[in-house]
Amino acid sequence: MSKNLSTVATAVIESYGNTARNVIQAYRVGGERVIGFVDQRFEAAVNTGAARLSDELRSNLIDAEKRLSGYYSKGLEFGTERAETAVSTVVDLAAKGVEVVAANAERFDQATKLGALDMLNRVALPAATAVSQVVVRIEEGSSELKKRVAGKPAAVKAVVKKAKAVRKAAAKTTAKTAKKATATKKAVVRKATGVARKARASVAQAAA
C-alpha cells in the first residue's frame, strides 16, 4: 500500500503512544520492585533487632509497613492505569483528527482539481518518513527498556548482596578495631604497672 502524509502521521502518533505506554509500564514494574525490596529490607531489619523488640511490637511494625506499601502499590497501579488511559485517549483523538483533515483535504483537492495534495505528498513525504523512522527507533528503545526492567530480578539481588558485603566488611573492620584497642589497653596497663613497681621500689630504697 502506498504511503501518504496521513498514513505516516497516523503511524507516528501510534508509535508515540506505544512509547508512552512502554515507559509507563516500565515505571510501574520498577516501582513494584522497589516496594518489594523495601518490604524485604524493613522486615529483615526488624527481625535482626528481635532481641531488643518484643514479638508484638515487631509484628505491629511489619504490619504497619506492609499497609503503607499496599497503599503505595495501589496508588502506583491506579496512577499508571489512568496514565495509560489518557495516552490511549489522546492517541485515538489525534488519529481521528488526522483522518478528518486528510478527508477534508482530499475533498477540497478533488473539487478544485489543482492536484495540490499530490504535490504536497511528494514534497513532504520523505521528511515525514524520516521522522517516522526516528520515532520507531525511540519506540523500540522504550520496549527494550520495559523488557529489561521486567526481566531483571537480579538487580534487586545485587543490591542486597552488595549491602550484605558492606555490612560484613564493616563488622570485620569493627572487630579488628576492637581487638587493636584491647591490645593497646593491655599494653598501657602493663606499662603503667611496671612504672608503678619501679616507683614503689625507688620509694622503698629511699626509705631504707
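Note: the structure precedes this text.
Structural notes, computed from the coordinates. (Residues numbered from 1 in each chain as written. Predicted model: local features only at pLDDT ≥ 70, side-chain atom pairs only at ≥ 80, totals over all residues. Heavy atoms only, no water.)

**Some remarks on the overall build of the protein**
Consideration 1: If you tally the helices and strands in the protein, you get four helices and zero strands.
Consideration 2: In sequence order, the secondary structure elements of the protein are arranged as α-α-α-α.
Consideration 3: In the protein, buried positions account for 16% of the 208 residues.
Consideration 4: By sequence separation, contacts in the protein at least 24 residues apart represent 82% of the contacts at least 6 residues apart.
Consideration 5: Surface summary for the protein: the accessible area is close to 15,200 Å², and the carbon and sulfur share equals 63%. (Helix = DSSP H or I, 4+ residues; strand = E, 2+ residues; numbered from the N terminus. Buried < 20%, exposed > 50% of the residue type's maximum accessible area, 1.4 Å probe, protein only. Contact = heavy atoms within 4.5 Å. Areas by Shrake-Rupley, 256 points an atom, 1.4 Å probe, with all protein chains shown as cover.)

**Re the side chain of Asn22**
Consideration 1: Here Asn22 shows up in helix α1 (residues 5-48).
Consideration 2: For Asn22, a relative accessible area of 8% puts it in the buried group.
Consideration 3: A distance of 3.0 Å separates the side chain of Asn22 from the side chain of Ser142, its partner in a polar contact.
Consideration 4: With residues up to four places along the chain from it excluded, the contact list for Asn22 reads Glu139, Ser142, Ser143 and Lys146. (Polar contact = N/O pair within 3.5 Å; in protein donor to acceptor, adjacent residues only side chain to side chain.)

**A word on the packing of α1 against helix α2 (residues 55-112)**
Consideration 1: Contact pair α1 / α2: the axes reach a minimum separation of 9 Å and the direction vectors enclose 180°. Comparing the axis directions of α1 and α2 gives the class roughly antiparallel. (Axes fitted to C-alpha atoms, helices over the stretch in contact; angles between N-to-C directions. Parallel < 35°, antiparallel > 145°, perpendicular 65-115°, else oblique.)

**Focus on the pattern of salt bridges**
Consideration 1: One pass over the structure, following the stated rule, counts three salt bridges.
Consideration 2: Arg21 is the partner of Glu14 in a salt bridge, and the nearest nitrogen-oxygen pair spans 4.0 Å.
Consideration 3: Here Glu14 falls in the partly exposed class, since its relative accessible area comes to 36%.
Consideration 4: Across the salt bridge formed by Arg28 and Glu77, the nearest N and O atoms sit 3.6 Å from each other. Of the two residues, Arg28 sits in helix α1 while Glu77 sits in helix α2, which places them 49 residues apart along the sequence.
Consideration 5: Judged by relative accessible area, which is 23%, Arg28 ranks as partly exposed.
Consideration 6: Among the residues examined, Glu77 registers a relative accessible area of 34% and is labelled partly exposed.
Consideration 7: Salt bridges linked by common partners bring Arg28, Glu32 and Glu77 together as one network. (Salt bridge = Lys/Arg side-chain N within 4 Å of Asp/Glu carboxyl O.)

**A few points about the nonpolar core**
Consideration 1: Ile13, Ile24, Val87, Val91 and Val98 together form the largest nonpolar core, which totals five residues.
Consideration 2: When residues of this core are traced back to their parent elements, those giving at least two are α1 and α2.
Consideration 3: Of the residues forming this core, the biggest block, three residues, is contributed by α2.
Consideration 4: The contacts of Ile13, once residues within four sequence positions are left out, are Val91, Ala94, Ala95 and Val98. (Core = buried A, V, L, I, M, F, W, Y, C linked by side-chain atoms within 4.5 Å.)

**Overview of α2**
Consideration 1: Counted at 1.5 Å a residue, the expected span for α2 with its 58 residues is 86 Å, and the 85 Å between its end C-alpha atoms agrees.
Consideration 2: The set of residues buried in α2 consists of Arg58, Ile62, Glu65, Ser69, Leu76, Thr80, Val87, Val91, Ala95, Val98 and Asp109.
Consideration 3: A positive phi of about 60° marks Lys113, the residue just after α2. (Expected span 1.5 Å × (residues − 1).)

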